[in-house]
Amino acid sequence: MIIAVDGPLASGKGTIARALAARFGLPYLDTGSLYRATGVAVLEQGIDPCDEAACAAAARALDITAIDEARIRTAEAGAMASRIAVLTGVRTALYELQRNFALQPGGAILDGRDIGTVICPDADVKLYIMADTETRARRRWEELTARGEAISYAEMLEQTRERDRRDAERPDAPMRAADDATLLDTSSLSIDAAVAQAVAVVEKRQKA
Ligand code: C5P
């Protein structure tokens, strides 16, 4: 079974995808981490984020076994990830890795922005997780400040809007719900309630 979980920043898609992976015993890939790690490589190597060939080369050179989790979770890494994610060369460089992960025997669960539309249009279950902008900005702000990052809520709200705009408006693989995705709004749901709803969608599909 292949499960695709998409949605904007801090919608809860990562939490839901991890819970589904544990529940159904599926390997899980957070595809945002690939774009974030590429963004970090671009920052650290002083690559011009407008230089598509150089950014694509950085994506191809990624060692996914050596991704520095703490480094890729910063606001700076997230912002750079969304800048280089507009580049077709970068998306092409990361496509095969994601596709191969999805096609492993027994299935997999992937979360991102274009899993249900581009990476796994053939997924058995597609979920699109959303929440209102202020709720998402507050969640991410609380997460980052708890980790000691100096960022104000107003800045986080602005970054959230900018990231949503860039992810949704890029011509290649824009963030959007697949036509056959089930929408789940987590704005006023607890984590447990959101996970329960997602589990119900998967179980219904399994029975069908
Ligand atoms: O999900 P996360 O916030 O970690 O992703 C960081 C950025 O990577 C996103 O804002 C988006 O620009 C990009 N991304 C993407 N396609 C994916 C996953 C992430 O374009 N499948």
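Values in this document were obtained by computation on a predicted structure and should not be read as measured data.

Caption draft 1: Just the site of the ligand, in detail. Taken together, 15 residues form the shell around the ligand, and within it Arg36, Arg91, Arg113, Arg163 and Asp167 come nearest. One of the side-chain N or O atoms of threonine 31 is found 3.0 Å from a nitrogen atom in the ligand. Out of a free accessible area of 450 Å², the ligand has 97% covered by protein chains. Taking a 2 Å distance to the grid points as the criterion, the majority of the atoms of the ligand fall inside the largest pocket. Elements that contribute at least two residues to the shell around the ligand include exactly α2 (32-44), α5 (75-84) and α9 (153-169). Per-element accounting of the shell around the ligand gives the leading share, three residues, to α2. Of the residues assigned to the shell around the ligand, the class counts are three nonpolar, four polar and eight charged.

Caption draft 2: Layout of the environment of threonine 133. Its place among the elements puts threonine 133 in helix α8 (residues 133-146). Sequence-wise, threonine 133 and arginine 60 are 73 residues apart; in three dimensions their C-alpha atoms are separated by 33 Å. The residues contacting threonine 133, other than those within four sequence positions of it, are Leu157, Thr160, Arg161 and Asp164.

Caption draft 3: Main features of the sheet that holds strand β5 (residues 182-185). One open sheet holds the five strands; their spatial order is β2-β3-β1-β4-β5, and the pairing between them is parallel. Two strands bound the open sheet, and with one partner strand each, they are β2 (28-30) and β5. Averaged over all pairs of adjacent strands, the angle between their axes in this sheet comes to 20 degrees, without regard to strand direction. Taken together, the four bridges between strand β4 (residues 125-130) and β5 define a ladder with parallel strand orientation. Pairing of leucine 127 across the sheet is with threonine 182, part of β5. Contacts from helix α6 (residues 88-102) reach β1 (2-6), β2 and β3 (108-112) within the one sheet, and its direction differs from that of β3 by about 145 degrees.

Caption draft 4: Layout of the layout of surface pockets. Reported here for the largest pocket is a volume of approximately 880 Å³. Forming the walls of the largest pocket are 45 residues, and the residues nearest its centre are Leu9, Ala10, Lys13, Gly14 and Arg140. Split by residue class, the lining of the largest pocket holds 14 nonpolar, 15 polar and 16 charged. Roughly 210 Å³ of volume is contained in the second largest pocket. Looking at the second largest pocket, it is lined by 15 residues, and the ones nearest its centre are Ala37, Ala41, Leu62, Ala66 and Ile67. Elements represented by at least two residues in the lining of the second largest pocket include exactly α2, α3 (52-60) and α4 (69-72). Counting residues per element, the lining of the second largest pocket draws most heavily on α2, which supplies four residues.

Caption draft 5: The arrangement of the pairing of β3 in detail. β3 sits mainly inside the fold: five of its five residues count as buried. By the bridge criterion, five bridges tie β1 to β3 in an arrangement that is parallel. The residue bridging valine 5 from the neighbouring strand is aspartate 111, located in β3. When β2 meets β3, the two strands line up parallel, connected through three bridges. Paired with aspartate 30 across the two strands is aspartate 111, which belongs to β3.

Caption draft 6: Region of interest: the environment of arginine 161. Here arginine 161 is to be found in helix α9. Sequence-wise, arginine 161 and alanine 85 are 76 residues apart; in three dimensions their C-alpha atoms are separated by 16 Å. Ignoring anything within four residues of it in the chain, the contact list for arginine 161 reads Thr133 and Glu134.

Definitions and limits used
- Residues numbered from 1 in each chain as written.
- Predicted model: local features only at pLDDT ≥ 70, side-chain atom pairs only at ≥ 80, totals over all residues.
- Heavy atoms only, no water.
- Near = heavy atom within 4 Å.
- Polar contact = N/O pair within 3.5 Å; in protein donor to acceptor, adjacent residues only side chain to side chain.
- Areas by Shrake-Rupley, 256 points an atom, 1.4 Å probe, with all protein chains shown as cover.
- 1 Å grid on protein atoms, 1.4 Å probe; cavity = no way out; pocket = protein on both sides within 12 Å on 5 of 7 lines; lining within 4 Å.
- Sits in = over half its atoms within 2 Å of the grid points.
- Helix = DSSP H or I, 4+ residues; strand = E, 2+ residues; numbered from the N terminus.
- Nonpolar A, V, L, I, M, F, W, Y, C, P; charged D, E, K, R; others polar.
- Contact = heavy atoms within 4.5 Å.
- Pairing = 2+ DSSP bridges.
- Axes fitted to C-alpha atoms, helices over the stretch in contact; angles between N-to-C directions.
- Points joined across faces, edges and corners; volume = space filled by probe spheres on them.
- Buried < 20%, exposed > 50% of the residue type's maximum accessible area, 1.4 Å probe, protein only.

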